[in-house]
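Residue-level listing of the chains:
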Amino acid sequence: MSTDQQWDIVSGIGITALAVAAARAVETSRPDALIQDPYAVRFVEEARPPVPMPTTAAEAEADGARRYWPDTSTYIAVRTRAFDDFFQEAVAAGVTQAVVLASGLDARAFRLPWPAGTVVYEIDQPLVLDFKLRVLREQGVAASCEHRPVAVDLRNDWATALEAAGFDRSRPTAWLAEGLLPYLPPEAEEELFQEIHRLSAPGSRFAVETFGNVAAAMGKSAADGSIRSMGVDISGLIHTDRRPKPADRLGDLGWRTRSVAAEEAAAAHGRPLSDEFAKREAVHVFARLP
Ligand SMILES: C[S@@+](CC[C@H](N)C(=O)[O-])C[C@H]1O[C@@H](n2cnc3c(N)ncnc32)[C@H](O)[C@@H]1O
């Protein structure tokens, strides 16, 4: 299998999941934190990335004028909070099945208060899921839901793997695609939306992070920052081709959508985004199937 198809937590696309965990650890250390992810710090400590990553606000501030980590952790905190709230609202409305696509080091299955009987599926590459579950197991951390990891490449037939793991398409589902779309080629993204629609019972919900300006999000300055801060040039891993906006695509499929600009969400929390992040035009799309 080529490295294009498989990666671990300190190489290729996998290291982006570790960077998100570092950002969540930094946020968790703040007195005014928007989220609490007590496991993020352990992932960073255990992974030993090629370039050290911060786990506290003080370490992030050591970036000085460059501000890669403080700005990144603010952006990630706002997005994490938005999707934490999404899941909490879904379960409050009676949804008992969730799928986290490209879950990386997302620890929601372990840190959110899921009602009894809720099943949470997590899809990612095998080595990424193995690392996460090993670190959590070594700390004696148990899932707060019925947790089912599904190790499969989202460019392949992931739906069959999900159903083989027990996914029930007759139950309403809360789906999440956070930090995923720029890594998928356009045809895999189109397939993803169609499969999610096909697998979604009435009453299902879908939250998606999308960028109005992927080139700005993943362009030269983002690439320079990532090389210095993660040791990996992510620009070559990103697909910047034009594709339909997720809100439009889901609307065509019959979903009702609501879009919230990350910049507005950040301002509402009193944590404005840096100019560098604002120009990426990140949007959180919340869709519901009647
Ligand atoms: C930026 S991280 C986001 C992780 C997580 N959603 C979060 O926000 O913490 C991107 C994740 O997408 C996963 N990913 C990207 N392309 C994938 C694919 N084709 N199949 C499975 N996972 C993929 C990576 O392994 C990585 O964990």
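Please refer to the structure placed before this passage.
As the structure is a prediction and not an experimental result, all values here were calculated from the model.

Undergrad: What is the right way to read the sheet that holds strand β1 (residues 97–101) from this model?
TA: Within a sheet, each strand pairs with its neighbour through backbone hydrogen bonds, oriented either parallel or antiparallel. Spatially, 7 strands are ordered β3-β2-β1-β4-β5-β7-β6 in an open sheet, and the strand pairing comes out mixed. The sheet is open, and its two edges are formed by β3 (146–151) and β6 (256–261), each paired on a single side. Neighbour-to-neighbour, the strand axes of the sheet open up by a mean angle of 15 degrees, direction not taken into account. For β1 and strand β2 (residues 119–124), the ladder comprises 5 bridges, and the chain directions are parallel. Along β2, the bridge assignment pairs leucine 101 with isoleucine 123.

Undergrad: Quick question: what am I supposed to make of the pairing of strand β5 (residues 205–211) here?
TA: Two faces belong to every sheet, and in a regular strand the side chains alternate between them. Judged by how many residues are buried, β5 sits mostly within the fold: 7 of 7 residues are covered. Residues Arg205, Ala207, Glu209 and Phe211 line one face of β5 and the alternating positions Phe206, Val208 and Thr210 line the opposite face, and both faces are buried. Pairing between strand β4 (residues 174–177) and β5: 4 bridges, direction parallel. Looking across to β5, one finds that alanine 177 is bridged to valine 208. Crossover handedness for the path β4 to helix α8 (residues 186–199) to β5: right-handed. Direction of pairing for β5 relative to strand β7 (residues 282–288): antiparallel, over a ladder of 7 bridges. For threonine 210, the partnering residue across the bridge sits in β7 and is valine 283.

Undergrad: Quick question: what am I supposed to make of helix α1 (residues 14–28) here?
TA: Along an α-helix, residues three or four positions apart point the same way, because every turn accommodates 3.6 residues. With 15 residues, α1 should reach 21 Å at 1.5 Å per residue; the first-to-last C-alpha distance of 22 Å fits that figure. In terms of burial, α1 is largely enclosed, as 15 of its 15 residues are buried.

Undergrad: I keep staring at the site of the ligand and nothing clicks. Help me out?
TA: Near the ligand you find 19 residues, and of these Trp7, Arg79, Ala102, Asp124 and Glu178 are the closest. At a separation of 2.7 Å, an oxygen atom of the ligand approaches a polar side-chain atom of tryptophan 7. Contacts to the ligand include arginine 79, whose side-chain N or O atom sits 2.7 Å from an oxygen atom. Look at the ligand: alone it shows 590 Å² of surface, and the protein chains cover 98% of it. Broken down by element, the residue count for the shell around the ligand peaks at 4 residues, all from α1. Here the residues of the shell around the ligand are counted per class, giving 9 nonpolar, 4 polar and 6 charged.

The rules behind each value
Residues numbered from 1 in each chain as written. Predicted model: local features only at pLDDT ≥ 70, side-chain atom pairs only at ≥ 80, totals over all residues. Heavy atoms only, no water. Pairing = 2+ DSSP bridges. Helix = DSSP H or I, 4+ residues; strand = E, 2+ residues; numbered from the N terminus. Axes fitted to C-alpha atoms, helices over the stretch in contact; angles between N-to-C directions. Buried < 20%, exposed > 50% of the residue type's maximum accessible area, 1.4 Å probe, protein only. Right-handed = clockwise from strand over helix to strand, strands pointing away. Expected span 1.5 Å × (residues − 1). Near = heavy atom within 4 Å. Polar contact = N/O pair within 3.5 Å; in protein donor to acceptor, adjacent residues only side chain to side chain. Areas by Shrake-Rupley, 256 points an atom, 1.4 Å probe, with all protein chains shown as cover. Nonpolar A, V, L, I, M, F, W, Y, C, P; charged D, E, K, R; others polar.

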